[in-house]
Structures are given as structure tokens and as C-alpha cells.
Amino acid sequence: MMKAGYEKLYIRRTRDKKDGVAIFFLSTRFTKLRHCWLELFVADDHPFLDRDNVSVFAVLQDKENPWAAFVVANCHLIFNMRRGDVKLAQMVVIERTIKAIVDALEADEATKGLKAHVLWAGDFNLVPSSALYAYLRYGTFDFLQSNFKCFSGQEKMAYGLLRRRPTLTDALRSIAGSFDPRYEQPAWYESSLNYNRLGYFLAGLQLKLPQGDGKVLVDGQIKLPFIPPATEWWPLSLTTSLTYRSAYASFQKTWYGRYPKSEFRPWSTYEPFATCISKSGIGTVDYLWFATKDTKGEEKFRAKAIYETPTVDTIEAYSKQVPNTVIPSDHLPLIVDFEYY
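Notes on the structure follow. If you're wondering where the values come from, they're calculated on a predicted model, not measured in any experiment.

1. A look at the overall build of the protein chain
Reasoning step 1: Secondary structure summary: the protein chain contains eight helices and 15 strands in total.
Reasoning step 2: Burial status across the protein chain gives 52% buried among its 341 residues.
Reasoning step 3: At a minimum sequence separation of 6, the contacts of the protein chain that also span at least 24 residues come to 73%.
Reasoning step 4: Taken as a whole, the protein chain presents about 16,200 Å² of accessible surface, with 52% of it coming from carbon and sulfur.

2. Digging into unusual backbone geometry
Reasoning step 1: Even without being glycine, N125 reaches a positive phi, approximately 55°.
Reasoning step 2: You can see N125 is positioned in the loop between strand 6 (115-123) and helix 2 (131-138).

3. Some thoughts on the sheet that holds strand 5 (residues 68-76)
Reasoning step 1: Reading across from one edge, 8-3-4-5-6-13-10 is the order of the seven strands in this open sheet, with mixed pairing throughout. The sheet is open, and its two borders are formed by strand 8 (220-222) and strand 10 (245-246), each paired with just one other strand.
Reasoning step 2: Pairing of strand 3 (residues 30-41) with strand 4 (residues 50-62), which is carried by ten bridges, proceeds in the antiparallel orientation. Its bridge partner being in strand 4, E39 is matched across the sheet by V54.
Reasoning step 3: Sheet strands in contact with helix 2 are strand 6, strand 10 and strand 13 (286-292), and its direction is about 25° off that of strand 13.

4. So, helix 2
Side chains three or four residues apart in an α-helix point the same way, a direct result of the helix having 3.6 residues per turn.
Reasoning step 1: The buried fraction of helix 2 amounts to six of the eight residues, a majority that puts the element mostly inside the structure.
Reasoning step 2: Considered for burial, the residues of helix 2 that qualify are A131, L132, Y133, A134, Y135 and L136.
Reasoning step 3: G139 sits one or two residues past helix 2 and shows a positive phi near 85°.

5. Observations regarding the side chain of R34
Reasoning step 1: Within the secondary structure layout, R34 lies in strand 3.
Reasoning step 2: Judged by relative accessible area, R34 falls into the buried class, the value being 9%.
Reasoning step 3: Among the polar contacts made by the side chain of R34, one reaches the main-chain carbonyl oxygen of L217 at a distance of 2.5 Å.
Reasoning step 4: Among residues more than four places away in sequence, those in contact with R34 are F57, A58, V59, D108, T111, K215, L217, V218 and D219.

Rules and cut-offs
Every chain is numbered independently, its residues counted from 1 as its sequence is written. The predicted nature of this model means local features are confined to residues of pLDDT at least 70 and side-chain atom pairs, given and counted, to a pLDDT of 80 or more, with totals for whole chains, interfaces and linings taken over all residues. Side-chain calculation: all heavy atoms of the structure are included, whereas hydrogens and water are not. Runs of H or I in DSSP of at least four residues are treated as helices and runs of E of at least two as strands, each being numbered from the N terminus. When accessible area is computed with a 1.4 Å probe and restricted to protein chains, residues below 20% of their type maximum are described as buried, those above 50% as exposed, and intermediate ones as partly exposed. Here, two residues are considered to be in contact whenever any of their heavy atoms come within 4.5 Å of each other. Where accessible areas are quoted, they stem from the Shrake-Rupley method and a 1.4 Å probe; at the residue level, only the protein chains shown are allowed to cover. For two strands to pair, DSSP has to find at least two bridges joining them. The axes are straight lines fitted to the C-alpha atoms, using for helices just the contacting stretch, and the angles between their N-to-C directions are given from 0 to 180°. N or O atoms closer than or at 3.5 Å make up a polar contact, with two conditions inside protein: a donor-capable atom paired with an acceptor-capable one, and, for residues adjacent in sequence, both atoms drawn from side chains.

See below:
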């Protein structure tokens, strides 16, 4: 990557972890304006931010179109399928960080004239038929109607469940539908205390952006405060600060809406049938979301083309043989060509 002219922005996971997340950008096409990172770890005794996950952010200016800037985020959320509350907290923290960076660009004299386009990529460890996916896709969700242990929907990826279906194809199709809260169990009876604490934490969340030299935002680590546990009831009906769209879902819905493909059911989210093929399960957990603050952003910023992921037949044929010499990872690449004006 470096020999090909790319620059790297990397942040390793906290404590003794050796992996992390990175953003690579072509230095001949983009100028790096800002580089920030976020550690989703506050303290060992924090109820939600006690894990080693991290996220990296970059503000890139297009050299060919100097009016355009990109706020790029890459993340890897917690895997634990039973801790949807932690995963939701991580998602909200990152989403609000992106909005804070966009607002900082508008407030800074040196960058306020730029048009910000948001790209948020990563391994989210959630499936398209989950409450967490619905939150980003629709921009709002009342999580009190669901059990936090099922927020991510990852239990639907387990091999045991997949094998109960007649074929893997039917299993993949069954988990590609839109989220329906009727399929989840009410949460109040077992976890009201946890919901109170999560609602209180998110309501009081305040990010501290790195500042200096008279600038609203400079390179550096974004700090998170420690907020004590809640002592009273707090709501958990959340709304995103920007309207996010999935690049693959929006493109495939438009394309296959005109040219029907039998693999997609009418209720499908139009996400890939799988971005991960591993021992822990087969399904879609990786996404590339995009957004703008412009009310007409969908027309001015959209996915023009995608690298098509394998069909369900291919996934079924190679489900026991990944990684291999052709596919070096159990996660498949997502590649999108965007157009903007």
C-alpha cells in the first residue's frame, strides 16, 4: 500500500492487544487535514466502555475538487453477541464523534467552506435483521422494545442455527430481511437497571475534541468522560445526528429493483448475503455507511458502483474453505465507487 502511494493512519487496540484499525488514503488525490482516534475504553469498572475496541478518523480534502472534504471513520466493534448494550454504546459514541468532527469543520475558519461527506466503515458485528442495523438505517429506534442480548442479531449466524435449515441458501435468505421488533423479547423484565445506566450514560455523553493553536479541531486523541451509574430512570429511544445510508444496500436496491434478482426477497435489506465466512458463523457484519448534512445529500452523494460480493451458491460451495489462496481473510472486501457534486 505504501509503495503504491498510500498513507496510513493506524490505531492499535488498547492495553496488550496487537491488532487495530487503519485508514489508507492516496496522497496524490487527497490532502490530510485532520487525524483523530478514539479509544472505546474508559475504565475497567465502566459499565459499557470497558473493552479494547478503537476507532480512527480522518478528514481528507479532495485535491481535484478542493471544495469537497471527507470525514472518514473506521471501527471494529465488540464481538460478544450477548453484549448488545456495549455495542450500542460504542456505536453511539462513534456516531456522535463523527458529528462533532463535521461541526468542528464548519466552526473552524480554515475549513468552514468545505462540503463534508461522511464515510463510516468497519466490522460492526451485527446483522441486517437486527435492532442495531435498524438504528443506523432508519435513524431512530426505541431499544426498550428489545432485549439487549439480541441487539446485534449475531445469534442468527451460528452454524447450529444455519444447519437446521434445509440448505445454507435458505438460511442466508432468512437472515437478510428487514428488522421486525416483534421477533425480539421485551427487555424490561430482566434488564431495566442496565437500560437505565445506558440511557443515562448516552444522555450525558460529552466528547472532548483535541484543540490547539486557535483551531477547533487538531490531530490527537478524542477523550471520553467517566459518567457514574444512573440512579433514576432514563429513556433509551435514540436518534442519529446524521442520516446514514448503506452503500451496498442503497446501490443493490436501486439496481436490482430495476433488474430483479431471485436471491433478494421483497423484504430484503439488499445487503450482501455474507461479508464474513468463519467458524463462528456466516453472514453480513461489515458495512460502509455514508452521509451528508445536506437535505438533498442523497442526490449529491451516492454509490455509483460496487464490487459484487459472492452469491449464496458460491458461499455455500466455499463456506468450509475460507480463508484460502484467493480469499486471504474470513472477511470479504467491500469496495464502492462514489460520485459527488
